[in-house]
Amino acid sequence: MDAHERITRNTAEVVTEEEIETLADDPDGKRAYVGYEPSGVLHIGHMLTANKLIDLQEAGFEVTVLLADVHAYLNDKGSFAEIRSTAERMRDQFIAYGLDESNTQFVLGSDFQLDEDYTLDLHALELETTLARAERAMAEIKSGDSVKVSQAVYPLMQALDIPYLGVDLAVGGMEQRKVHMLARDVLPSIDREPPTSLHTPLIADLATGEGKMSSSTGVTISMEDSREAIAEKVNKAYCPPTADPDPTEEGVERENPVLQVFEYHVFPRFETVVVERPEEYGGDLEYAEYDALEADLEAGELHPADAKGALAAYLDRLVAPGREQLAE
């Protein structure tokens, strides 16, 4: 697998393809970053972008993880003291999950976002941005139903973080797309380069296959979950025998979240995936690629219950180091 393929695999979008090709031509020493509001415990959404960071490290990139304590405060996620206390726990969990510690820099937002130069540049961006434009950028990631002034400033800070961290590539889920497009629009106004960005897919709700998985409103999997809890959640997951389920009666589009987690979480981390089955039901199935597993599910060779059992086992293997770190 060449650098370009490793950088772009399992992505929903890159902006722009030409810029990504330039980075892939000489990735050594380039720096990618992703920002997370400190929440204390890594969940499956964090793990998806962390998998991409691992890909980027293997391609030659250095990685910066922004533990965005100021952003979390602006998004009404607790007191500043509470938020700061969770940031260190998240750092240790990312390393336990598989990021290369020697090639990963962890930065607190408050280390630079309260400095005078940053504040003045932020005010300059505020002068260039309408409230409606900032609200659109924040729509996918805000906390609560109404927009506060702090949340209008939030996406401008995300844009400004990119040049202040000195990174070549901004990474995020598709919910971050509007923020990165805002950054491309406004950063040239303060003589900063528009960022190259890479977006990972959104995983559907585990129970219904609708919308996107959420750690606050739906069923999710985190590093706090025991092996039994993971198995119980996965066994209850929506998993029709197809990768393209029919919409609901109300016309809501659905995905197969079990297959999505196999594709974006399991196969990037394991060379082969074994689905264990009794001999009377055909014996074990072994897959080197996701497409083969999907094809067997579609053809009826792989039963959804067996797929769920294998998924729970591999997720437990991914979560176990972080779970042990939390226990310590």
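Computed from a prediction, not measured in an experiment: that's the story for all the values here. (Residues numbered from 1 in each chain as written. Predicted model: local features only at pLDDT ≥ 70, side-chain atom pairs only at ≥ 80, totals over all residues. Heavy atoms only, no water.)

K.L.:
Looking at this structure, how should I read the overall build of the protein chain?
P.N.:
Within the protein chain, the secondary structure is distributed over 13 helices and eight strands. Relative to the 2.2 N^0.38 estimate, which gives 20 Å for 328 residues, the radius of gyration of the protein chain is 20 Å and therefore close to what a compact globule would have. Taken along its principal axes, the extent of the C-alpha atoms in the protein chain is 70 × 45 × 45 Å. Counting over 328 residues, the protein chain shows a buried share of 52%. Across the protein chain, the fraction of contacts at a sequence separation of at least 24, relative to all contacts at a separation of at least 6, is 73%. About 15,200 Å² of surface is accessible on the protein chain, with carbon and sulfur atoms providing 45% of the total. Separation between the mean location of the 27 positive side-chain charges and that of the 66 negative ones in the protein chain comes to 4 Å. (Helix = DSSP H or I, 4+ residues; strand = E, 2+ residues; numbered from the N terminus. Rg over C-alpha atoms; globule rule 2.2 N^0.38 Å. Buried < 20%, exposed > 50% of the residue type's maximum accessible area, 1.4 Å probe, protein only. Contact = heavy atoms within 4.5 Å. Areas by Shrake-Rupley, 256 points an atom, 1.4 Å probe, with all protein chains shown as cover. Lys, Arg positive; Asp, Glu negative; His and termini not counted. Charge placed at Lys NZ, Arg CZ, Asp CG, Glu CD.)

K.L.:
Help me understand the packing of helix H11 (residues 257-266) against helix H12 (residues 290-299) in this model?
P.N.:
In a packed pair of helices, the relevant descriptors are the angle between the two axes and the axis-to-axis distance. Viewed as axis vectors pointing N to C, H11 and H12 meet at an angle of 165 degrees, and their least axial separation amounts to 10 Å. Of the possible angle classes, the one that applies to H11 and H12 is roughly antiparallel. Regarding H11 and H12, the two cross each other, and that crossing is right-handed. Of the residues in H12, those touching H11 at Leu259, Phe262 and Glu263 are Tyr290, Leu293, Glu294 and Leu297. When grouped by side-chain class, the residues that make up the contact of H11 with H12 number five nonpolar, no polar and two charged. (Axes fitted to C-alpha atoms, helices over the stretch in contact; angles between N-to-C directions. Parallel < 35°, antiparallel > 145°, perpendicular 65-115°, else oblique. Left-handed = near helix turned anticlockwise from the far one by under 90°. Nonpolar A, V, L, I, M, F, W, Y, C, P; charged D, E, K, R; others polar.)

K.L.:
I tried to follow the domain arrangement of the protein chain on my own but got confused; where do I start?
P.N.:
Often the size quoted for an interface is simply the accessible area lost on bringing the parts together. Along its sequence, the protein chain is organised into domain 1 (3-200) and domain 2 (227-327). Computed from C-alpha atoms alone, the centre-to-centre distance between domain 1 and domain 2 is 29 Å. The partner domain 2 presents 13 residues to the 14 residues of domain 1 that form the contact. Here domain 1 and domain 2 share an interface that buries about 1,200 Å² over both sides, 61% of which is from carbon and sulfur atoms. If you look at where domain 1 meets domain 2, you find zero salt bridges. At the junction of domain 1 with domain 2, the criterion picks out six residue pairs in polar contact (both at pLDDT 80 or more). (Domains from an automatic or database assignment. Buried area = accessible area lost by both parts, 1.4 Å probe. Salt bridge = Lys/Arg side-chain N within 4 Å of Asp/Glu carboxyl O. Polar contact = N/O pair within 3.5 Å; in protein donor to acceptor, adjacent residues only side chain to side chain.)

K.L.:
Would you mind going over the packing of aromatic side chains with me for this structure?
P.N.:
Centre distance and the angle of the planes are the two values used to describe a pair of aromatic rings. This model, assessed by the stated rule, comprises eight aromatic pairs. With 4.8 Å between their ring centres and 35 degrees between their planes, Tyr36 and Phe94 make a pair best called tilted. With Tyr36 in strand S2 (residues 31-36) and Phe94 in helix H5 (residues 80-97), this pair connects stretches of sequence that are 58 residues apart. Assessed through its relative accessible area of 7%, Tyr36 is described here as buried. On the numbers, 6.3 Å between centres and 55 degrees between planes, the contact of Phe262 with Phe267 is tilted. (Phe/Tyr/Trp six-rings, centres within 6.5 Å; stacked < 30°, edge-to-face > 60°.)

K.L.:
I'm lost on the UniProt feature "binding site: L-tyrosine" (unreviewed entry) in the protein chain in this one. Help?
P.N.:
Feature annotation in UniProt assigns "binding site: L-tyrosine" (unreviewed entry) to the following positions: Tyr33, Tyr154, Gln158, Asp161 and Gln176. With respect to the helices, strands and loops of the structure, Tyr154 is situated in helix H8 (residues 149-165). Judged by relative accessible area, which is 6%, Tyr154 ranks as buried. If you trace the backbone, Gln158 turns up in helix H8. Gln158 gets classed as buried once you look at its relative accessible area, which sits at 11%. (UniProt positions renumbered as here; feature names shortened; annotations may be inferred.)

K.L.:
Would you mind going over the pattern of salt bridges with me for this structure?
P.N.:
Where charged atoms from two side chains of opposite charge approach closely, those side chains can pair. Scanning all chains against the criterion turns up 18 salt bridges. Among the salt bridges present, the one from Glu13 reaches Arg177, with a minimum N-O distance of 2.8 Å. You can see Glu13 sitting in strand S1 (residues 13-15) and its partner Arg177 sitting in helix H9 (residues 177-186), a full 164 residues away along the chain. Under the relative-accessibility criterion, Arg177 is labelled partly exposed at 31%. We note a salt bridge from Arg91 to Asp92, for which the minimum N-O separation is 3.4 Å. For Asp92, a relative accessible area of 31% puts it in the partly exposed group. Via salt bridges that share partners, Arg6, Arg9, Lys52, Asp55 and Glu58 belong to a single interconnected network.

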